[in-house]
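Working through the structure, step by step
As a plain string of letters, each chain reads:
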Amino acid sequence: MSPGTLRPPRCPRTRHGQGWQPLPVRVALAVDGLQPAADAVEDEEDALLRHEGPLLSQRLHLAPEGPPLPKASGRSPPPPPHAARGRGLRPCLSPQPTAPPRSFQLDYEQDCFRKDGAPFRYVSGSIHYARVPRPAWRDRLLKMYMSGLNAVQVYVPWNYHEPLPGVYDFSGDRDVEAFLDLTAELGLLVILRPGPYICAEWEMGGLPAWLLWKSDIVLRSSDPAFLAAVDSWLHVLLPKIKPRLYQHGGNIISVQVENEYGSYYACDYDYLRHLLGSFRALLGGEALLFTTDGARAEELRCGTLQGLYATVDFGPDSNVTEAFGAQRSIEPRGPLVNSEYYTGWLDYWGGAHASTSAAQVARGLADMLRLGANVNMYMFHGGTNFAYWSGADLKAQYKPVTTSYDYDAPLSEAGDPTEKLFAIRTVISKFQPLPVGPMPPATPKYAYGRVDLHKHADLLDVLHVLSPSGPIRSQFPLTFEAIKQAHGFVLYHTQLPRDVPAPAPLSAPPHGVRDRGYVMLQKEYQGTLERDGQTTLRVTGRAGDALDVLVENMGRLSFGANFSDFKGLLGNLSLDSSPLSTWLIYPLAIDAAVQQGWPHAALPQSSGRGRSGPAFYTGTFETPGIAWDTFVKFPGWSKGQLWINGFNLGRYWPRRGPQQTLFVPGSVLRVGCPNNITVLELEGAPSTPFLLFLDQPLLNRTLSPSTWTAE
């Protein structure tokens, strides 16, 4: 079982709303949500003109002032001219008599989508199946449907499905076909985003780490090595997608090519043209392909291409008129589309918990719907970065993303409806009829209480278990990629070359530790080196003393100028300015050991060296006849990783914050037998180690940066 794959539940579960069917469209002019229901809101054009002023229709005229920014290889001929007033306000009211019986198309004449020839507007929300346990898929999707959405937007993370070159995994939580089939069963259309790059605050933006085995590869470009890997992947993925396209009887109405490419430094049009050719060859000529970019001219210049319909993304704090005006500079005709309307934002370790008011999100949504725009809300349900899947940004410094991907979304991390959801639902109800029936309730939670743990072993004492292949010998340190390890941890071992009677600096080059290095001398913890933080420790010792550095990968960059983000020790450590050499490098397969029952099936090997430094702790608890969702808190713990029943729940870091609890899906837990807890604490456990299981999360406590070095 791979990290991040949930076992199926041990006992039957109630699934809310099985058998519920989509509500049929009510009247001819309220086609698929195109216009407000007549009895719900006032005339939308009049309301909008009163709200925005008489110049709004001119500002959103489809022929913008001045020449439009050209797409990379030019634009197709424009459709016939038409009257200016009302464009984007009351589009696309007439049916298309010659449309095929099952089609999804762009209408450049009426500035809308057409579904089976009829005007169509989607109101969609993002959900990532890789961040939601498979047993919860139905619950989350049903809540999205009952919120009034008629579509969902879905990323496909390449690295989630191809962990090694040519090795594919579409089982369990990774069964994307089962997820797509479930969306169809529940009456939801799909806007698919298969990458190959997706960002999503996901490890390496969805690109597999094994691409970096070729150290000079240029990612997201026409580099032949990159294109060969992309083509191999697309030839596996897209044939699974083609029969699910709307034109072929499925529910996928559109497919995005790449993602926000205009924000990437390469600006390689040959790469985009290659992707367009591959998508067309594998999906056919009728598939509606599109791009998404930020609403700035420089982003749209490099991110768009003839043959791919250009859409934009922006949040509730943006000027709607200006943002859609940017789309109009590239697409003078066609539907207005916000592919990522931000309902909240992500959290970084050490930052504040992001929040966006429900009123602000609802107001911005209403403004766009009045314009007749198509909107996807990112995120509608965020979920969790289980295992090692969280990514990172580079904003002056390295900023790793938290385990929780709650996103302050309308559905919480645990899938519970929020005030924001009901505010959004109310807005949607003014533009299209809602499904009949109540919103499914929050899933039940349980506070299992305190669970005592005991120390099993220091990490350095169980290398024979964690690295069964043994160490790799090298004169100088090697990166994770050089030893073909994607995630987790690698141990670097050497010896002091001379006596060090007085404290001397042990230093890493700037940004040379990717991302955190836990330093031990003679198996005694000395402190932590950090990528953009502390890079020097002062040590003493004797010639031949063992020096060990456990390096943690905190997530590869998912967004940034150049994200070939190699991990490990990227340069040599030096002692008093003299480089250290002759290293033993241990790739650690911790997840494989834990999934095979270690350490619960092994005798404790505690050395009695105290509670500082990397060590494993274990404990068990039983559920009182139920296995409900819960949240685990880490009183007095520092930083580490948590597994329950072999499932990697992700990183905890209460000392840095803001996240204080990890979400534990009930589907991970067992009824009628002990639940095995394994904790890898990296810096220091409390004197009395225990965990506390709660029935609600704690996501909003951040430590002051001035205290980080004192950790």
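Computed from a predicted model, the values in this text were never measured in an experiment.

**Observations regarding the packing of aromatic side chains**
As enumerated under the stated definition, the model contains 39 aromatic pairs in all. On the basis of an interplanar angle of 85° and a centroid distance of 5.7 Å, the ring pair of Tyr160 and Trp202 is categorised as edge-to-face. One end of the pair, Tyr160, is in helix H4 (residues 158-161); the other, Trp202, is in the loop between strand S6 (189-193) and helix H6 (224-241), and 42 residues separate them in sequence. Between Tyr448 and Phe621, the ring centres sit 5.7 Å apart and the planes meet at 50°, which makes this aromatic pair tilted. You can see Tyr448 sitting in the loop between helix H11 (419-429) and strand S14 (449-452) and its partner Phe621 sitting in strand S29 (residues 615-621), a full 173 residues away along the chain. A cation over a ring is seen here: Lys240 above Phe170, with NZ or CZ 4.5 Å from the ring centre. The side chain of Lys639 reaches across the aromatic face of Trp653, ending 4.8 Å from its centre.

**A short note on the environment of Gln596**
Examined against the element boundaries, Gln596 turns out to sit in the loop between helix H13 (590-595) and S29. With 50 residues separating them in the primary sequence, Gln596 and Gly646 have C-alpha atoms 7.7 Å apart.

**Regarding the pairing of strand S35 (residues 690-694)**
Look at any regular strand and the pattern is simple: side chains alternate between the two faces of the sheet. With four of its five residues buried, S35 lies for the most part within the structure. Two strands pair when backbone bridges link them, and S14 and S35 are joined in this way by four bridges, in the antiparallel orientation. Paired with Asp452 across the strands is Phe690, a residue of S35. Across three bridges, strand S30 (residues 630-633) lies against S35 in antiparallel orientation. Looking at S35, one finds that Phe631 is bridged to Leu694.

**Details of the sheet that holds strand S32 (residues 647-652)**
Here we have five strands laid out as an open sheet, ordered S15-S29-S34-S31-S32, and antiparallel in their pairing. Both outer strands of the open sheet, strand S15 (454-458) and S32, are each paired with one neighbouring strand and no more. Looking at each pair of strands side by side, their axes are set apart by 20° on average, direction ignored. Here S15 runs beside S29; their pairing, made up of four bridges, is antiparallel.

**Remarks on the confidence of the model for the protein chain**
Here the protein chain shows a mean pLDDT of 88. Residues at 70 or above account for 84%. Note that residues 61-70 has pLDDT below 50 and, in this model, 15 contacts with residues that lie over four places away or in other chains.

**What about the state of the cysteines?**
Two cysteines, two sulfur atoms, one covalent bond between them: this is a disulfide. Going through the model one piece at a time under the given rule, you end up with one disulfide. The disulfide partner of Cys267 is Cys302, and the gap between their sulfur atoms is 1.9 Å. Looking down the S-S bond of the Cys267 and Cys302 bridge, the torsion is -85°, so its handedness is left-handed. In this pair, Cys267 is assigned in the loop between strand S7 (252-256) and helix H7 (269-283) and Cys302 in helix H8 (residues 297-303), connecting sequence segments 35 residues apart. For Cys267, a relative accessible area of 24% translates into the label partly exposed.

**Comments concerning helix H9 (residues 320-330)**
Counting buried residues along H9, nine of its 11 residues qualify, which places the element largely inside the surrounding structure. If you check which residues of H9 are buried, you get Val320, Thr321, Ala323, Phe324, Ala326, Gln327, Arg328, Ser329 and Ile330. Sitting at the head of H9, Asn319 places a side-chain oxygen 3.0 Å from the backbone nitrogen of Thr321.

**Section: H6**
Because the α-helix completes a turn every 3.6 residues, residues three or four places apart line up on one side. Its 18 residues place the ends of H6 25 Å apart at the C-alpha level, agreeing with the 26 Å of an ideal helix rising 1.5 Å per residue. A bend of about 30° at His235 is the largest found in H6, and the proline Pro239 appears one to four places after it. Taken residue by residue, H6 has Phe226, Leu227, Ala229, Val230, Trp233, Leu234, Leu237, Leu238 and Ile241 as its buried positions. The inward-facing, buried residues of H6 abut H4, helix H5 (176-185), S6, S7 and H7. Near the N-terminus of H6, the side chain that reaches the backbone nitrogen of Ala225, with its oxygen 2.9 Å away, is that of Asp223.

**Thoughts on unusual backbone geometry**
The peptide bond linking Tyr378 to Met379 adopts the cis configuration, its omega dihedral lying at -10°. Arg514 connects to Asp515 through a cis peptide bond whose omega is 15°. As for its placement among the helices and strands, Asp515 is situated in the loop between strand S19 (513-514) and strand S20 (516-521). Located in the positive-phi region is Glu258, a residue other than glycine, with phi close to 60°. Looking at where Glu258 falls in the secondary structure, it is placed in the loop between S7 and H7. A residue is classified by how much of its surface remains accessible, and Glu258, at 1% relative accessible area, is buried.

**Remarks on the nonpolar core**
Counting residues in each nonpolar core, the largest one holds 131 residues, and the members touching the most others are Met377 and Leu588. Of the residues forming this core, the biggest block, nine residues, is contributed by H6. Setting aside anything within four residues of it in sequence, one finds Met377 in contact with Val123, Ser124, Gly125, Ser126, Leu149, Tyr341, Thr343, Leu365, Ile424 and Ile428. Counting 28 residues, the second largest nonpolar core, distinct from the first, contains Phe386, Ala615, Phe647 and Leu691.

**Notes on the packing of helix H10 (residues 358-370) against H11**
The N-to-C vectors of H10 and H11 enclose an angle of 20°; their axes lie 9 Å apart at closest approach. Our classification of the angle between H10 and H11 gives roughly parallel. Here the hand of the crossing between H10 and H11 comes out right-handed. Seen from H10, the contacting residues are Ala358, Val361, Ala362, Leu365, Ala366 and Leu369; seen from H11, they are Glu419, Lys420, Ala423, Ile424, Val427 and Ile428.

Calculation criteria
- Residues numbered from 1 in each chain as written.
- Predicted model: local features only at pLDDT ≥ 70, side-chain atom pairs only at ≥ 80, totals over all residues.
- Heavy atoms only, no water.
- Phe/Tyr/Trp six-rings, centres within 6.5 Å; stacked < 30°, edge-to-face > 60°.
- Helix = DSSP H or I, 4+ residues; strand = E, 2+ residues; numbered from the N terminus.
- Lys NZ or Arg CZ within 6 Å of the ring centre and 35° of its normal.
- Buried < 20%, exposed > 50% of the residue type's maximum accessible area, 1.4 Å probe, protein only.
- Pairing = 2+ DSSP bridges.
- Axes fitted to C-alpha atoms, helices over the stretch in contact; angles between N-to-C directions.
- pLDDT = per-residue confidence, 0-100.
- Contact = heavy atoms within 4.5 Å.
- Disulfide = S-S within 2.5 Å.
- Polar contact = N/O pair within 3.5 Å; in protein donor to acceptor, adjacent residues only side chain to side chain.
- Expected span 1.5 Å × (residues − 1).
- Bend = angle between axes of the 7 residues up to and from the residue.
- Core = buried A, V, L, I, M, F, W, Y, C linked by side-chain atoms within 4.5 Å.
- Parallel < 35°, antiparallel > 145°, perpendicular 65-115°, else oblique.
- Left-handed = near helix turned anticlockwise from the far one by under 90°.

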